[in-house]
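Chains, contacts and geometry: an overview
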Amino acid sequence: MAGANRTYNFCSGPAMLPEEVLLKAQSELLSYQGCGMSVMSLSHRSDAFLSILSQAENRLRSLLNIPDHYHVLFTQGGASAQFASIPLNLMQPGKPGGYLDSGYWAQKAIAEAERYGPVKVVASAAESNYSRALLNGEYSVGAKLSYLHYTPNETIDGVAFPDVPQSGQVPLVADMSSCILSAPLNVADFGVIYAGAQKNIGPAGLTLVIIRDDLLERCGDRVPRLMNYATLASQNSMANTPPTFAIYMANLVFEWLLENGGIPQIEKQNQRKAELLYNAIDSSSLFTNAVEQGSRSAMNVPFSCASAELNERFVRQAEQAGLMNLKGHRSRGGMRASIYNAMPYSGVEALVNFMQKFESQYV
Ligand SMILES: Cc1ncc(COP(=O)(O)O)c(C=O)c1O
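Named according to an unreviewed UniProt entry, the protein chain is Phosphoserine aminotransferase originating from Reinekea marinisedimentorum. Taken from UniProt, the Function (unreviewed entry) comment for the protein chain reads in full: "Catalyzes the reversible conversion of 3-phosphohydroxypyruvate to phosphoserine and of 3-hydroxy-2-oxo-4-phosphonooxybutanoate to phosphohydroxythreonine." Quoted verbatim from the Sequence similarities (unreviewed entry) field of the UniProt record, the comment on the protein chain reads "Belongs to the class-V pyridoxal-phosphate-dependent aminotransferase family. SerC subfamily."

Structure below.
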């Protein structure tokens with residue numbers, strides 16, 4: 001770590017950003033590329049900002065191999081606003097929105113969609129207490145759905161789908177907030193991909209939507225203008241002032257990914273980090289993780305000790321050692337380490353060393 005006061009931040013979001021990105025932003029904060037003003041003050045209609053916007057889109061297209069018949073939209077409101085935008089834009093008369101209930105965030109998406117139209121929960125992992133992903137072959141989608149929505153990585157439960165759901169002709173919609181850009185994906189498998197930025201993309205305040213062009217025809221006039229995908233697409237994400245600084249930061253994160261070997265390389269690093277941490281948990285007699293082997297998330301790793309008191313002590317002592325935000329979600333308790341793209345291997349090593357030291361005191 002470069003700065004003396006830097007810590008390893010295991011927050012589920014807003015999460016760590018790559019240090020190189022922060023340093024570059026710092027170096028041009030007062031005068032963006034010598035123009036005499038901060039990027040935060042550039043007009044969103046200026047050539048300088050328009051070139052940041054198109055560079056961000058092009059870099060993202062290159063990272064994810066996004067086909068030409070998909071639009072990339074930079075919008076706001078977080079993934080939670082997308083929970084409403086999806087049904088508002090994509091529901092068709094007489095066809096419910098289909099949902100896979102895989103955990104906390106899937107349920108949030110379902111509850112919001114129910115406000116706007118009929119919802120069909122196609123399958124639920126409730127029986128396993130959300131300790132494993134829903135697998136292809138365990139449910140059938142049928143053709144009578146407007147779309148099938150799922151959450152490939154459940155940030156709170158620490159559960160990841162090992163496969164892309166097979167939805168046939170029904171457009172697949174994925175909330176990739178906590179896994180986008182962490183491993184290769186085939187964009188053509190999806191109708192819509194969306195993600196809040198504050199984990200693997202950049203600062204909070206930016207939301208990314210990737211949408212197949214034919215679906216834009218579904219977006220009716222009654223959808224609020226700033227949530228209407230067709231409007232956002234036709235206005236090049238500038239239906240109003242976009243989150244310019246967050247887009248600038250995302251552009252730097254995309255550049256950082258490209259310069260470091262792109263998605264295949266970051267996936268390798270993510271696998272190494274996750275393996276190190278899960279091995280430490282599995283070989284310990286103090287810490288446990290309840291998620292089934294094939295469903296474990298490489299991004300969010302929940303774990304706990306046998307008592308709430310020990311968990312609290314762990315979180316407190318970890319903070320004193322510079323390992324921040326390891327407290328689990330308030331609905332689940334225990335601990336959770338979020339190890340997104342920007343978490344270096346050395347951060348996970350530091351955590352594992354700390355876990356071993358902690359264990360030696362209490363076992
Ligand atoms: C998978 C997932 N979906 C949705 C959200 C909500 O995101 P936002 O706060 O950007 O609305 C989160 C936030 O952590 C998330 O992890």
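There is more to say, and it comes next.
1. Points about the nonpolar core
The biggest cluster of nonpolar side chains holds 61 residues, and the ones touching the most others in it are L60, L100, I180, L181, I201 and I210. The dominant element in this core, judged by the number of residues it contributes, is helix α6 (residues 244-259), at 10 residues. Residues from two domains meet in this core; each of domain 1 (8-19 + 262-362) and domain 2 (23-259) gives at least three.

2. Notes on the UniProt feature "binding site: pyridoxal 5'-phosphate" (unreviewed entry) in the protein chain
According to UniProt, the feature "binding site: pyridoxal 5'-phosphate" (unreviewed entry) maps to A79, S80, W105, T155, D175, Q198, N240 and T241 in the numbering used here. Annotated residues spanning 163 residues; largest pairwise C-alpha distance 30.4 Å, indicating distribution over more than one region. When you line up the elements, S80 lands in helix α3 (residues 78-90). Here T155 is to be found in the loop between β6 (153-154) and β7 (159-160). By relative accessible area, which is 6% here, T155 ends up buried. Ignoring sequence-local partners within four residues, the contact set of T155 consists of S12, W105, S178, K199, N300, R336 and Y340. For T155, the side chain forms a polar contact with the side chain of S178, separated by 2.7 Å.

3. Brief notes about the sheet that holds strand β2 (residues 70-75)
Pairing is mixed across the open sheet formed by seven strands, whose spatial order is β2-β10-β9-β8-β5-β3-β4. For this open sheet the edge positions go to β2 and β4 (119-124), each flanked by a neighbour on one side alone. Between one strand axis and the next, the sheet turns by 20° as a mean value, whatever way the strands run. Pairing of β2 with strand β10 (residues 207-212) involves six bridges; the strand directions are antiparallel. The residue of β10 that forms the bridge with T75 is T207. Packed on one face of the sheet, α3 meets β2, β3 (97-101), β5 (147-150), β8 (172-175), β9 (192-196) and β10 and runs near 155° to β9.

4. As for the packing of helix α2 (residues 47-64) against α6
Between α2 and α6, whose axes approach to 9 Å, the crossing angle comes to 40°. Viewed along their axes, α2 and α6 adopt a mutual orientation that is oblique. By crossing handedness, the relation of α2 to α6 is classed as left-handed. Residues F49, I52, L53, Q55, A56, R59, L60, S62 and L63 of α2 form the contact with α6, whose participating residues are T244, I247, Y248, N251, F254, E255, L257 and L258. Grouping the amino acids of the contact of α2 with α6 by side-chain chemistry returns 11 nonpolar, four polar and two charged.

5. Quick word on the domain arrangement of the protein chain
Segmentation of the protein chain into domains returns domain 1 (8-19 + 262-362) and domain 2 (23-259). For domain 1 versus domain 2, the distance between C-alpha centres works out to 26 Å. Domain 1 puts 32 residues into the contact, and the matching count from domain 2 is 30 residues. For the pair domain 1 and domain 2, the summed buried area comes to about 2,500 Å², and 59% of that belongs to carbon and sulfur atoms. Run the count over domain 1 and domain 2 and you get one salt bridge. With a closest N to O distance of 2.8 Å, R332 and D157 form a salt bridge. Counting across the interface, domain 1 meets domain 2 through 15 residue pairs in polar contact (both at pLDDT 80 or more). Mapped onto the side of domain 1 that touches domain 2, the elements with two or more residues apiece are α7 (262-282) and β11 (300-303).

6. A word on the packing of aromatic side chains
According to the stated counting rule, one finds 15 aromatic pairs in the structure shown. A centroid spacing of 5.5 Å and a plane angle of 35° characterise the contact between F245 and Y248, whose relative ring orientation is tilted. Of this pair, F245 and Y248 both sit in helix α6, three residues apart, roughly one helical turn. Residue classification places Y248 among the buried residues on the basis of a relative accessible area of 2%. Through successive ring pairs, a cluster of aromatic residues spans F287, F303, F314, F354, F358 and Y362. The cationic tip of R272 hangs over the ring face of Y345; the distance from NZ or CZ to the ring centre is 3.9 Å.

7. Structural notes on the site of the ligand
In the vicinity of the ligand, the residues found are G78, A79, S80, F83, W105, T151, N153, T155, D175, S177, Q198 and K199. T155 is positioned such that a nitrogen or oxygen atom in its side chain is 2.4 Å from an oxygen atom of the ligand. Here D175 contributes a side-chain N or O atom positioned 2.6 Å from a nitrogen atom of the ligand. Of the residues forming the shell around the ligand, the biggest block, four residues, is contributed by α3. Counted by class, the shell around the ligand contains three nonpolar, seven polar and two charged residues.

Rules behind the numbers
- Residues numbered from 1 in each chain as written.
- Predicted model: local features only at pLDDT ≥ 70, side-chain atom pairs only at ≥ 80, totals over all residues.
- Heavy atoms only, no water.
- UniProt positions renumbered as here; feature names shortened; annotations may be inferred.
- Core = buried A, V, L, I, M, F, W, Y, C linked by side-chain atoms within 4.5 Å.
- Buried < 20%, exposed > 50% of the residue type's maximum accessible area, 1.4 Å probe, protein only.
- Helix = DSSP H or I, 4+ residues; strand = E, 2+ residues; numbered from the N terminus.
- Domains from an automatic or database assignment.
- Contact = heavy atoms within 4.5 Å.
- Polar contact = N/O pair within 3.5 Å; in protein donor to acceptor, adjacent residues only side chain to side chain.
- Pairing = 2+ DSSP bridges.
- Axes fitted to C-alpha atoms, helices over the stretch in contact; angles between N-to-C directions.
- Parallel < 35°, antiparallel > 145°, perpendicular 65-115°, else oblique.
- Left-handed = near helix turned anticlockwise from the far one by under 90°.
- Nonpolar A, V, L, I, M, F, W, Y, C, P; charged D, E, K, R; others polar.
- Buried area = accessible area lost by both parts, 1.4 Å probe.
- Salt bridge = Lys/Arg side-chain N within 4 Å of Asp/Glu carboxyl O.
- Phe/Tyr/Trp six-rings, centres within 6.5 Å; stacked < 30°, edge-to-face > 60°.
- Lys NZ or Arg CZ within 6 Å of the ring centre and 35° of its normal.
- Near = heavy atom within 4 Å.

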